[in-house]
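Report on the structure
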Amino acid sequence: MTTYFKKFSLLLFIAAVGAHFAWGQNGGSNRGPVPSVSLPFAVGETLTYEGKMRKSISPGIAIADLTFTVMRPDPDGDFVVKADARSKGTLTRLFRFSFLQQIESSFGADSGEARLTKKHDVQKERVRDSLAVFDYGDRQVTYTETDPNDPMRPPRRIASEVKPGTFDMISGIYWLRTKPLAIGSTFDMTVSDSGLVYKVPVKVTARERQKTEIGRVWCWRVEPQVFGPGRLIEREGSMIIWITDDARRIPVRSQVNSSIGRFEIKIQSVQNLQV
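These figures come from a predicted structure and were not determined experimentally. Each chain has its residues counted from 1, running along the sequence as written. For this predicted model, a pLDDT threshold of at least 70 governs which residues receive local features, and a threshold of 80 or more governs which side-chain atom pairs are given and counted, while totals over whole chains, interfaces and linings are taken from all residues. Derived side-chain values reflect all non-hydrogen atoms in the structure, with water molecules and hydrogen atoms excluded from consideration.

**Focus on the pairing of strand β5 (residues 114-123)**
Taken residue by residue, a regular strand's side chains alternate between the two faces of the sheet. Strand pairing is assigned whenever DSSP detects at least two bridges linking the two strands. Numbering of helices and strands runs from the N terminus; a helix is a DSSP stretch of H or I covering at least four residues, while a strand is a stretch of E covering at least two. Here nine bridges tie strand β4 (residues 99-107) to β5, and the two strands are oriented antiparallel to one another. Within β5, the position partnered with F99 by the bridge is Q123. Two strands pair when backbone bridges link them, and β5 and strand β6 (residues 126-135) are joined in this way by eight bridges, in the antiparallel orientation. Within the sheet, the bridge partner assigned to V122 lies in β6 and is V127. In this antiparallel pair of consecutive strands, β5 and β6, the connection spans two residues, and K124 shows a positive phi of 55 degrees.

Printed below as a string of structure tokens:
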């Protein structure tokens with residue numbers, strides 16, 4: 001179970017992160033110029049979520065808090081989003097497992113593709129810092145992981161081939177929110193995590209009304225295929241994300257079903273929303 005929670009702390013980002021940045025709704029392509037329209041975000045916009053674990057019909061126990069903040073563009077003009085996911089006391093008490101993940105994602109303003117991913121990952125006593133650098137000229141992503149508690153330990157390095165239009169875990173979901181969605185539509189995303197590259201099929205399966213902390217809203221029901229052999233989570237399971245069908249395109253809820261229970265991630269607040 002501990003191994004699963006290590007990977008689930010990553011999944012929390014997939015489930016809850018929202019696109020505060022919009023680009024290129026040009027027939028489904030993720031490449032193209034930034035549109036000269038009002039964008040549904042502002043610098044400093046912050047989305048907060050709470051994650052709960054449910055067993056059977058129980059109301060669930062709170063296990064994590066998540067926060068995502070849009071930062072100003074970096075000196076190279078790429079956009080930066082900082083994300084923070086941390087376990088709550090209930091998770092520590094019940095499963096004797098705690099985690100903290102802080103991710104800083106830099107991605108291109110013209111395409112949304114990942115440029116740089118910095119990560120600080122704490123799982124109980126284990127601490128790792130990592131950096132993923134995307135070089136599309138050389139068609140390679142280079143991932144380097146170090147142990148700040150053991151500076152003499154050799155870095156762990158992984159290099160994989162990438163093509164233009166590759167996302168990290170955060171920029172990929174940001175781009176997803178820019179897609180024109182419709183029931184029955186399907187598409188694939190290329191996502192790199194920890195130096196490895198995955199194909200993530202995505203399906204839009206319904207349009208449903210959701211009761212949330214920011215009101216009752218109509219949402220697209222989106223199902224990324226992240227479970228299964230050769231995917232992000234090599235276990236049986238499923239994931240659903242509900243994204244508002246309005247100009248804000250906010251992910252308001254996610255549900256992860258697995259062999260150890262059901263996880264619900266729901267929005268708690270939005271700050272500095274532009275629209």
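Having seen the structure, we can now continue with the description.
**Some remarks on the packing of aromatic side chains**
Within 6.5 Å between ring centres, the rings of Phe, Tyr and Trp (the latter by its six-membered ring) count as paired, and their orientation is classed by plane angle as stacked under 30 degrees, edge-to-face over 60, tilted in between. Tallied over the full model, the rule gives two aromatic pairs. Ring geometry for Y49 versus F68: centroids 5.9 Å apart, planes at 75 degrees, classification edge-to-face. With Y49 in strand β1 (residues 46-54) and F68 in strand β2 (residues 61-71), the pair connects residues that are 19 residues apart, well separated along the chain. Working definition: with a 1.4 Å probe on protein chains only, accessible area under 20% of the residue-type maximum means buried, over 50% means exposed, and in between means partly exposed. On the basis of relative accessibility, which here comes to 0%, the residue F68 falls in the buried class. Centroid distance F134 to Y136: 6.3 Å. Interplanar angle 20 degrees. Geometry classified as stacked.

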